[in-house]
Amino acid sequence: MTKKIKIWDILDSLNTLIDVSDPDMSLPNIEHAYQTAEKIKQDGHPDWMQLVGLIHDMGKIMYLKGTDETGTGKKKQWAMVGDTFIVGCKLPDTLIFPEYNKYHLDKDNPLYNTELGVYKEGCGLDNVKCSWGHDEYLYRILTDSRNSNTLPEEALYIIRFHSLYAYHDKKSYNKFMSEKDKQMINYLTLFNQYDLYSKSDICIDKTQVRSYYNSLMEKYFMNSYLYI
């Protein structure tokens, strides 16, 4: 069932969610959001990237409609957080915990167990399918016609693929890259530095910076709410 919810309420709800897959952070996810955004701002990157820093994990709001049974709850999050991978082709050894690749049900299927699988070389990341997670969920929310925004394509690319570490960190999916991907991946690798290395157990005083990020939301979002 679709819910209409204010963007700030989505972010505030992450104050009750801890990402169980993250070994570097024991604080609620909202703290990571502010830390990422603030570090990007300190280094002088564009305001749209600062806003992406704040909202990039907002897809974890799926826990409000999710369950532990489906891996989208507060305790069981295997279908919501962690690294993603491309389906329909061989799982690369660069995935985290590659020793589990042997249990993949399609590993002996000739349609899916080659490097390209069901895809063509150079087809572009827009034309592959990734394992489900908060990246894809937020991407679909932001590209929903009801949720009008003026975020640049670079922002949506970062949001959609920031957990696809085998692609932007390990370079395992380079054969799928289109000309667009070759332009976009630099933004993704830049953002990854802040996503990973801005984490701290020191909380930011959100009352001092919230008005600034509210101005960015007013700039890039047509409405103060989203349909999720």
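Refer to the structure above for everything that follows.
Participant: Tell me about the packing of aromatic side chains, and please be specific about residues and values.
Facilitator: Taken as a whole and judged by the stated rule, the model has 10 aromatic pairs. Between F97 and Y100 the ring centres are 6.4 Å apart and the planes differ by 85 degrees, which places this aromatic pair in the edge-to-face class. Aromatic side chains Y173 and F176 sit 6.0 Å apart centroid to centroid with 25 degrees between the ring planes, which places their arrangement in the stacked category. A single burial state applies to Y173 and to F176, both of which are buried. Here the aromatic cluster, defined as three or more aromatic residues joined through ring pairs, consists of Y34, Y212 and Y213. Taking NZ or CZ as reference, K41 lies 4.3 Å from the ring centre of Y212, over its face. The positively charged end of R210 is found above the aromatic ring belonging to W8, 4.0 Å away from the centroid.

Participant: Can you break down the pattern of salt bridges residue by residue, with the values?
Facilitator: For the structure on display, the rule yields 16 salt bridges. Measuring nitrogen to oxygen at the nearest pair gives 2.9 Å for the salt bridge that ties K41 to E38. Remark: E38 and K41 occur in helix α2 (residues 29-42); sequence separation between them is three residues, near one turn of the helix. With relative accessibility at 11%, the residue E38 sits in the buried group. For E136, the salt bridge identified is with R160, shortest N-O distance 2.9 Å. Separated by 24 residues along the polypeptide, E136 in helix α4 (residues 134-142) and R160 in helix α5 (residues 153-161) bring together distant segments of the chain. R160 shares its class with E136; the two are buried. Here the salt bridges share partners, and the residues they tie into one network are D126, E136, R140, E153, R160 and K180.

Participant: Help me get a handle on α4, residues and values and all.
Facilitator: Burial analysis of α4 places eight of its nine residues in the buried class, the great majority of the element. Residues H134, D135, E136, Y137, L138, Y139, I141 and L142 constitute the buried set of α4.

Participant: Go over unusual backbone geometry, please, and point to the residues and values.
Facilitator: Located in the positive-phi region is F97, a residue other than glycine, with phi close to 55 degrees. As for its position among the elements, F97 is in the loop between β2 (86-87) and β3 (129-130). The phi dihedral of K171 is positive, around 60 degrees, even though this residue is not glycine. For K171, the position within the fold is in the loop between α6 (165-168) and α7 (179-197).

Participant: Outline the packing of α2 against helix α8 (residues 206-220), supporting the account with residue identities and numerical values.
Facilitator: In contact at an axis separation of 12 Å, α2 and α8 are set at 65 degrees when each is read in the N-to-C sense. Judged by the angle between their axes, α2 and α8 are roughly perpendicular. At the point where α2 passes α8, the crossing takes the left-handed sense. Along its contact with α2, which presents I30, E31, Y34, A37, E38 and K41, the element α8 presents K206, V209, R210, Y212 and Y213.

Participant: Report on the side chain of S131, specifying residues and quantitative values.
Facilitator: Locating S131 in the fold gives a position in the loop between β3 and α4. Look past the residues within four positions of S131 in its chain and what remains in contact with it is T84, F85 and V87.

Participant: Let's hear about the nonpolar core: which residues, and what values?
Facilitator: Ranked by size, the top nonpolar core spans 63 residues in total, and within it L54, I55 and F221 carry the most contacts. The set of elements that each furnish at least two residues to this core consists of α1 (7-13), α2, α3 (47-55), α4, α5, α6, α7 and α8. Leaving out residues up to four positions away in the same chain, I55 has contacts with L138, L142, L151, I159, M217 and F221.

Participant: Just give me the short version of the environment of Q193, but keep the residues and values in it.
Facilitator: Structurally, Q193 is set in helix α7. The partly exposed category is assigned to Q193, whose relative accessible area is 44%. When the C-alpha atoms of Q193 and H104 are compared, they prove to be 30 Å apart, with 89 residues separating the residues in sequence.

How each quantity is defined
- Residues numbered from 1 in each chain as written.
- Predicted model: local features only at pLDDT ≥ 70, side-chain atom pairs only at ≥ 80, totals over all residues.
- Heavy atoms only, no water.
- Phe/Tyr/Trp six-rings, centres within 6.5 Å; stacked < 30°, edge-to-face > 60°.
- Buried < 20%, exposed > 50% of the residue type's maximum accessible area, 1.4 Å probe, protein only.
- Lys NZ or Arg CZ within 6 Å of the ring centre and 35° of its normal.
- Salt bridge = Lys/Arg side-chain N within 4 Å of Asp/Glu carboxyl O.
- Helix = DSSP H or I, 4+ residues; strand = E, 2+ residues; numbered from the N terminus.
- Axes fitted to C-alpha atoms, helices over the stretch in contact; angles between N-to-C directions.
- Parallel < 35°, antiparallel > 145°, perpendicular 65-115°, else oblique.
- Left-handed = near helix turned anticlockwise from the far one by under 90°.
- Contact = heavy atoms within 4.5 Å.
- Core = buried A, V, L, I, M, F, W, Y, C linked by side-chain atoms within 4.5 Å.

Treat this as a map of the structure, not an account of what it does.
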